[in-house]
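One-letter residues, chain by chain:
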Amino acid sequence: MKISIPTDNDGFVLFRCPLCGGYFKLTPDDAQADDVIEIWCPCCGLKSENYLTDDVIELAMNMAKNLAMDMVFEEMQKWERQFKGSGLTFKAGKRPRPEAENPIIAGIEALEIQQYECCKRQAKIEPIIKLSGSYCPFCGVKCDGDQ
Ligand SMILES: [Zn+2]
Ligand SMILES: [Zn+2]
């Protein structure tokens, strides 16, 4: 499995389980580690062949693009302030509209880090399954929730 899609701020890559439709995140290092042969979905506990579907890649790309656009915009705002009073004008303009603004992205950004002591690895999962208990993506063992 080769991962070439962008990671989030914490270095996690987005995956989606084709069986239950749940989203979760792993670090590329863990997902590609030699001792990680199969990946269990932390939501439903089943194994799937491919968690990197086209829509997930597109979603990750859009999110990375939004992040980059925000950074460029903030940089331009800084310039705008620096140019003020120097005789030159520079306008940052309006903040760019995020692409594909949808509830899925909001849900993905809400994913929380879960530590799996069995494998000493981490995954990002939905807060709800973090509470109720999830499956370790690396060995499939059920991990009790925070409750
Ligand atoms: Zn699943
Ligand atoms: Zn484990």
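Please refer to the structure higher up on the page.
Since we're looking at a predicted model, the values are computed, not measured.

(A) Up close: the coordination of the zinc ion (ligand 2). Every protein donor of the zinc ion (ligand 2) is accounted for by Cys118 (SG), Cys119 (SG), Cys136 (SG) and Cys139 (SG), and the metal-donor separations fall at 2.2 to 2.3 Å. If you look at the zinc ion (ligand 2), its four donor atoms make angles of 103 to 126° with each other, and the shape they trace is tetrahedral. Within one chain, the residues donating to the zinc ion (ligand 2) are spaced in sequence as C-C-x16-C-x2-C. With Cys118 in the loop between β3 (112-116) and β4 (121-125) and Cys139 in the loop between β5 (134-135) and β6 (142-143), this pair connects stretches of sequence that are 21 residues apart. Judged by its relative accessible area of 46%, Cys118 is partly exposed. Given a relative accessible area of 28%, Cys139 falls into the partly exposed group.

(B) Inspection of the coordination of the zinc ion (ligand 1) at higher detail. Coordination of the zinc ion (ligand 1) by the protein is provided by Cys17 (SG), Cys20 (SG), Cys41 (SG) and Cys44 (SG), with metal-donor distances spanning 2.2 to 2.4 Å. In terms of primary sequence, the donors binding the zinc ion (ligand 1) are separated according to C-x2-C-x20-C-x2-C. You can call Cys44 partly exposed: its relative accessible area is 25%.

(C) Unusual backbone geometry, seen in detail. We note that Lys120 has phi near 55°; this positive angle belongs to a residue other than glycine. Locating Lys120 in the fold gives a position in the loop between β3 and β4.

(D) Inspection of the pairing of strand β1 (residues 13-16) at higher detail. Summarising the sheet, β1 and strand β2 (residues 23-26) pair through four bridges and their orientation is antiparallel. Paired with Arg16 across the two strands is Tyr23, which belongs to β2. Here β1 folds back onto β2 in antiparallel fashion, the turn holding six residues, of which Gly21 has a positive phi close to 80°.

(E) Fine view of the side chain of Ser48. Within the fold, Ser48 resides in the loop between α1 (28-31) and α2 (54-83). Judged by relative accessible area, Ser48 falls into the buried class, the value being 17%. Beyond its immediate chain neighbours, meaning those up to four positions away, Ser48 contacts Pro18, Leu19 and Ile39.

(F) Fine view of the pattern of salt bridges. Summed over the entire model, instances satisfying the criterion amount to ten salt bridges. The salt bridge partner of Lys25 is Asp8, with a shortest N-O separation of 2.8 Å. One end of the pair, Lys25, is in strand β2; the other, Asp8, is in the segment before β1, and 17 residues separate them in sequence. For the pair Lys25 and Asp8, one class covers both residues: buried.

(G) Region of interest: α2. Taking 1.5 Å of rise per residue, the 30 residues of α2 would be expected to cover 44 Å, and the 43 Å separating its terminal C-alpha atoms lies within 8% of that figure. Looking at α2, one finds that the buried residues are Val56, Leu59, Ala60, Asn62, Met63, Asn66, Phe73 and Glu80. Packed against the buried residues of α2 are β1, β2 and α3 (103-109). Trailing α2 by a residue or two, Gly85 shows a phi angle of about 80°, which is positive.

(H) Spotlight on the side chain of Glu80. Structurally, Glu80 can be placed in helix α2. Overall, Glu80 belongs to the buried group, its relative accessible area being 17%. For Glu80, the residues in contact, after removing those within four places along its chain, are Phe90, Lys91, Ala92 and Gly93.

(I) Geometry of the packing of aromatic side chains. Taken as a whole and assessed by the stated rule, the structure comprises three aromatic pairs. Where Phe15 meets Tyr51, the ring centres are 6.5 Å apart and the plane angle is 85°; that geometry is what we call edge-to-face. Residue Phe15 is located in strand β1, and its partner Tyr51 is located in the loop between α1 and α2; the two are separated by 36 residues in the primary sequence. Both residues of the pair, Phe15 and Tyr51, belong to the buried class.

Calculation notes
Residues numbered from 1 in each chain as written. Chains lettered and ligands numbered in written order. Predicted model: local features only at pLDDT ≥ 70, side-chain atom pairs only at ≥ 80, totals over all residues. Heavy atoms only, no water. Donors = N, O, S within 2.8 Å, 3.2 Å for Na, K, Ca; no water. Tetrahedral: all angles 85-135°; square planar, octahedral: opposite > 155°, others 65-115°. Helix = DSSP H or I, 4+ residues; strand = E, 2+ residues; numbered from the N terminus. Buried < 20%, exposed > 50% of the residue type's maximum accessible area, 1.4 Å probe, protein only. Pairing = 2+ DSSP bridges. Contact = heavy atoms within 4.5 Å. Salt bridge = Lys/Arg side-chain N within 4 Å of Asp/Glu carboxyl O. Expected span 1.5 Å × (residues − 1). Phe/Tyr/Trp six-rings, centres within 6.5 Å; stacked < 30°, edge-to-face > 60°.

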